[in-house]
Amino acid sequence: MTAQHTRTHSIDVSSILQGQKNTDQPLEPCIKVENLNLFYAQKQALHGVSMEMPKKKVTAYIGPSGCGKSTLLRCINRMNDLVDNVTIEGRVLLHDENIYDKSVNVAALRRRIGMVFQKPNPFPKSIFENVTYGLRIQGINDKRILEETVENSLRGAALWDEVKDRLNDNALGLSGGQQQRLVIARAIAIEPEVLLLDEPASALDPISTLKIEELINELKEKYTIVIVTHNMQQAARVSDYTAFMYMGELIEMGTTSELFTNPRKKQTEDYITGRYG
Amino acid sequence: MITTWFKSGTPWVWLNAAAVSACLIMVIGVLGLIVVRGVGHFWPSEIVQFTYQEEDGQIKTLIGEHVDTSITPAEMAKSTGHIMAEDEDTLVQYLLKTGNRDVTRNDFRWILERNVKQHQTPPELMVVERREWGNFYGRLLAVKENGTIIAEGADAWPLAQSRIEDALAVFSEIAHLEKKEVGAINYRLEQLRLEQKKLQLEKRWDAAAEQRLAVERAELEVTYKKYQAQLTELYQKIRRDSLLAQTGSGQEVQIPLAKIVRVFQPNTMGLFDKIGHYGIKLVEFLSEDPREANTEGGIFPAIFGTVMMVIMMSIIVTPFGVIAAVYLREYAKQGFITRLIRIAVNNLAGVPSIVYGVFGLGFFVYILGGNIDQLFFPEAAPAPVYGTPGLLWASITLALLTLPVVIVSTEEGLARIPKSIREGSLALGATKLETLWLTVLPMASPAMMTGLILAVARAAGEVAPLMLVGVVKMAPTLPLDGNYPFLHLDRKFMHLGFHIYDVGFQSPNVEAARPLVYATSLLLVLVIVGLNLSAILIRNHLREKYRALEG
């Protein structure tokens, strides 16, 4: 059944990467997706997706609602494992190691691949406890290390100045934008290699959105970032690479400037010019 | 016209409002009744002296409290055998609490208003609350010491007061010695007897052990002798004095001070005296042991037993219920079997409580308790330790009874935790167990408390199953005391609900006990409200702390 329905859209990523202008350093792929098929019970949600995401760059997934971009993102840290009746075929490689291998410890994997969700989801604990949550799970209880991490992470998420005087207040008292940055701080506190952002600004007002976008620009210095967005302007603003998905298939992937100015596929052109989607 | 009125929804609104009002009226009615009837019980009412002509023409003097008045229509009075005059429309009767049960054999009597010749409230009338035979109503004649009169007439009253005070001090000393000190020695001696038997059973009874126990026994014996001497002295002291009093009919009665709780003259008391008296009686009611087959004195052991049992039940039911709910909601594969289990759990809540009592007696007491006795307490045989109803079994039985409530509300609480919170925790590298412990369970704790509140409300009011698994009319010792191991789960205990039943329907003097039934009911309601309020406070605190995500 799978073989019949699977259509493979291979994209020659290396040619894209080489085609990119003003590259003064060689680009090293961090995550490779190889021929990924995903089924929710009988329904196929991803059709043979293959792509590479370079290290310390921002890759954006765009596409209309229900095209599978969030599903693809959630494959990268195995969040889809939580869904009942899901079947995943193909491989996802993090530094040449298949994360779907049986020997992989999922909890340890998720420590290396952080994730921020569409709606801010701070825990109903203090700001401090939110940021240190991941560390405490790893058994780190040294007060000095925790305090240091909290400050660094909150600074990293551009939230420190706003909350430094009320670290012990409940995180639910923060505004939506602050909560989302807190969640980012929480994710970077455990120093992952990759950050997955699932429409991180879709529930926020324009000013908070702007702050998140600035933050993404800073974060890519240290992390490989994959962002899902339905907002094409946002993708154009924050990402280095963009992948356009449609109906569970990867249609086209390239540098952001190329994809938006000179799409190779008609479907991509139609979508970014607003003809459908 | 009428159809538009119906369509406007007004009748529906009225119907809803009426239902709410009916509920409110019922609640207020219940509380109002028990408050009015129960609160008045301790108020010192005045003592009336009636000059009364009996039906046979004899003139008598009756002294007592006027408790109740009944008005019967003439027709009905005739049918019950009263002779009614032509012009009489109603028959008015007074219920008089005459006390003096030792003299008259009755505490109460009905008298006919038309036969009352005179109605006075002389100031010198006194009430004597006694430890036996109920209240005494009458006049004080003299105070006696070793049988000789030491004060008479006007001097008698102040002397009586001071002597009674002394006697009460001695009495409390005796009570302390007997209950605490001698009680502890008896407990220790019993432990030694059990130890000896245990050693004999285990074939380790040798000269050394015999000597050791003998030494300990001798020590206890010495202390016991010392207390015994003290007690003899105290008893002599307390038996020295007595009061000489006269009943309404002129009979003279001697009341030893050892049998007196308090003496007062309600007809001379002002409002503040009465308030003070009321306060003292209330404190006695809340803090002392019952007297006279539970119809007098306090109900402290019952309050203590109720609270203790509810706390024990909570300690048992919460972990069980929560763990079961976590398995059902978080780990079990949702399907036919889990649905079946849920239906079974819900139906368990509908099983009549007496059935739980029968189960508790049959399974916990006889099977579990019996086996525990065989395994761990062979030396106590044939007397059972856990093989008899007691606090532990009562708590476990009620825990079983309230388990469904805790499971259902915890499950609801777990279901309400947003998926995003769980994902947030998992995305940080937490395992499922860590996510449960660190995030999900704390957030579901208000729901667990809701379950516990419902469980407490149900358990504290339950009486029927308790009668089978541990509650008794009169427990000589509390389940918590100063003797090692302090908490005695095998002991029987008293319970407010059973106390109400016992006092109201099983006591020799139902009429006298009726106000006490209301007072105890009021207290039971207050205890349940208190337990619930504390649980609700904890829940609100938790809710505030783990406020779920908005929107």
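Please read these numbers as outputs of a predicted model, since none were measured by experiment. The written sequence of each chain sets the order in which its residues are numbered from 1. Chain letters start at A and ligand numbers start at 1, both assigned in the order the entries are written. In keeping with the model being predicted, local features are shown solely for residues with a pLDDT of at least 70 and side-chain atom pairs are shown and tallied solely at 80 or more, while totals for entire chains, interfaces and linings include all residues. Excluding hydrogens and water, the side-chain figures rest on all heavy atoms present in the structure.

## Quick notes on the overall build of chain A
Reasoning step 1: Numbered from the N terminus, helices here are DSSP runs of H or I no shorter than four residues, and strands are runs of E no shorter than two. In terms of regular secondary structure, chain A is built from 12 helices and 10 strands.
Reasoning step 2: Exposure classes here rest on a 1.4 Å probe applied to the protein chains alone. A residue is buried below 20% of its type maximum, exposed above 50%, and partly exposed in between. When each of the 277 residues of chain A is scored for burial, the buried share is 54%.
Reasoning step 3: If you take every contact in chain A between residues at least 6 apart in sequence, the share linking residues at least 24 apart comes to 68%.
Reasoning step 4: Carbon together with sulfur atoms contributes 45% to the accessible area of chain A, which is approximately 12,400 Å² in total. Contacts are assigned to residue pairs with any non-hydrogen atoms lying within 4.5 Å of each other. Surface exposure here means Shrake-Rupley accessible area, sampled with a 1.4 Å probe, where a residue is shielded only by the protein chains that are shown.

## Describing unusual backbone geometry
Residues and elements named next belong to chain A.
Reasoning step 1: Positive phi outside glycine occurs at Asp96, with the angle close to 65°.
Reasoning step 2: In this structure, Asp96 sits in the loop between strand E4 (86-94) and strand E5 (97-98).
Reasoning step 3: A positive phi angle, close to 50°, is found at Glu191, a residue other than glycine.

## Things to note about a nonpolar patch on the surface
All names here are of chain B.
Reasoning step 1: Exposure above 30% relative accessible area and no salt bridge define the residues that can form patches, which grow by joining like charges within 9 Å and nonpolar side chains of Val, Leu, Ile, Met, Phe, Trp and Tyr within 5 Å. In the sections that follow, a salt bridge refers to a side-chain nitrogen of Lys or Arg positioned within 4 Å of a carboxyl oxygen of Asp or Glu. Judged by side-chain polarity, Tyr327, Tyr331, Leu433, Trp437 and Leu438 come together as a nonpolar surface patch covering roughly 570 Å² of accessible area.
Reasoning step 2: The set of elements that each furnish at least two residues to the nonpolar patch consists of helix H8 (300-331) and helix H13 (432-461).
Reasoning step 3: The element that contributes the greatest number of residues to the nonpolar patch is H13, accounting for 3 residues.
Reasoning step 4: Within the secondary structure, Tyr327 is located in helix H8.
Reasoning step 5: Take Tyr327: its relative accessible area is 52%, and that puts it in the exposed class.

## What to know about the domain arrangement of chain B
Interface size is commonly expressed as the accessible area that is lost once the parts come together.
Residue and element names in this part refer to chain B.
Reasoning step 1: Each assigned domain of chain B is listed with its residue range as follows: domain 1 (47-122), domain 2 (138-264) and domain 3 (302-495).
Reasoning step 2: Each of domain 1 and domain 2 has a C-alpha centre, and these two points are 41 Å apart.
Reasoning step 3: Counting from both sides, the interface comprises 7 residues of domain 1 and, opposite them, 7 residues of domain 2.
Reasoning step 4: Across the domain 1 to domain 2 interface the summed buried area is about 510 Å²; carbon plus sulfur atoms make up 56%.
Reasoning step 5: Three residues stand out in domain 1 for area buried against domain 2, namely Thr61, Ile63 and Val103, and they jointly supply 66% of the buried area on that side.
Reasoning step 6: Across the domain 1-domain 2 interface, the total number found is 0 salt bridges.
Reasoning step 7: As used in this structure description, the phrase polar contact means that two N or O atoms lie within 3.5 Å; if the pair is within protein, one of them must be able to donate a hydrogen and the other to accept it, and residues adjacent in sequence are counted only when both atoms belong to side chains. Connecting domain 1 to domain 2 are 1 residue pair in polar contact (both at pLDDT 80 or more).
Reasoning step 8: Going through the elements one at a time, strand E2 (59-73) and helix H4 (101-104) are the ones with two or more residues in the side of domain 1 that touches domain 2. Domain extents, as shown, originate in an automatic or database domain assignment. Buried area counts how much accessible surface, traced with a 1.4 Å probe, disappears from two parts once they are put together, with both parts' losses summed.

## Looking at the interface of chain B and chain A
Reasoning step 1: If you look at the interface, chain B gives 22 residues, while chain A gives 25 residues.
Reasoning step 2: In total, about 1,900 Å² of surface goes out of reach between chain B and chain A, with carbon and sulfur atoms giving 62% of it.
Reasoning step 3: Three residues, B:Glu423, B:Ala427 and B:Leu428, lead the burial of chain B against chain A; their summed loss comes to 32% of the area buried on that side.
Reasoning step 4: Counting every contact that joins chain B to chain A gives 1 salt bridge.
Reasoning step 5: A:Arg74 serves as the salt-bridge partner of B:Glu423, at 2.7 Å between the closest nitrogen and oxygen.

## Regarding the pattern of salt bridges
All names here are of chain B.
Reasoning step 1: Within this structure, the stated rule accounts for 45 salt bridges over all chains.
Reasoning step 2: One salt bridge in this structure joins Glu195 and Arg212, with 3.0 Å as the shortest N-O distance. Residue Glu195 is found in helix H5 (residues 156-201), and its partner Arg212 is found in helix H6 (residues 207-240); the two are separated by 17 residues along the sequence.
Reasoning step 3: Glu195 gets classed as partly exposed once you look at its relative accessible area, which sits at 25%.
Reasoning step 4: If you follow the salt bridges from partner to partner, you end up with Glu129, Arg262, Lys281, Glu284, Arg291 and Glu296 in one network.

## Structural notes on the side chain of B:Thr306
Residues and elements named next belong to chain B.
Reasoning step 1: Mapped onto the elements, Thr306 comes out in helix H8.
Reasoning step 2: Within the local environment of Thr306, its side chain forms a polar contact with the backbone oxygen of Ala302, the two atoms lying 2.6 Å apart.
Reasoning step 3: For Thr306, the contacting residues outside a window of four places in its chain are Ala460, Met494, His495, Leu496 and Leu524.

## Describing the sheet that holds strand E1 (residues 47-53) of chain B
All names here are of chain B.
Reasoning step 1: Ordered in space as E4-E3-E2-E1-E5, the 5 strands form an open sheet in which the pairing is antiparallel. Strands with a single pairing partner mark the edges of an open sheet, and in this sheet they are strand E4 (108-112) and strand E5 (116-120). Strand-to-strand, the axes of this sheet are offset by a mean angle of 45°, without reference to chain direction.
Reasoning step 2: By the bridge criterion, 8 bridges tie E2 to strand E3 (residues 90-97) in an arrangement that is antiparallel. Within E3, the residue paired with Thr72 across the bridge is Leu91. For two strands to be treated as a pair, DSSP must find no fewer than two bridges joining them. Between N-to-C directions, angles span 0 to 180 degrees; the directions come from axes that are lines fitted to C-alpha atoms, helices contributing only their stretch in contact.

## As for the confidence of the model for chain A
Reasoning step 1: For chain A, the mean per-residue pLDDT works out to 85, and 90% of the residues sit at or above 70.
Reasoning step 2: For every residue, the predictor states its confidence as a pLDDT score lying anywhere from 0 to 100. Within chain A, no element has a lower average pLDDT than helix H1 (residues 2-5) of chain A, which sits at 42, and none a higher one than strand E8 (residues 224-228) of chain A, at 93.

## Comments concerning H8(B)
Reasoning step 1: Its 32 residues place the ends of H8(B) 46 Å apart at the C-alpha level, agreeing with the 46 Å of an ideal helix rising 1.5 Å per residue.
Reasoning step 2: The largest bend along H8(B) measures about 25° and falls at B:Val317, with the proline B:Pro319 one to four residues further on. How far a helix is expected to stretch is found by multiplying one less than its residue total by 1.5 Å. For a residue, the bend is simply the angle between two axes, fitted respectively to the seven-residue segment ending there and the seven-residue segment starting there.

## Regarding the pairing of E4(A)
Residue and element names in this part refer to chain A.
Reasoning step 1: Here strand E1 (residues 29-40) pairs with E4 via 8 bridges, running antiparallel. In the strand pairing of E4, Leu38 is matched with Ile88.
Reasoning step 2: Sheet analysis places E4 next to E5, joined by 2 bridges and oriented antiparallel. Following the sheet pairing, Leu93 is matched in E5 by Asn98.
Reasoning step 3: Count of turn residues in the E4/E5 antiparallel hairpin: 2 residues, of which His95 carries a positive phi of about 50°.

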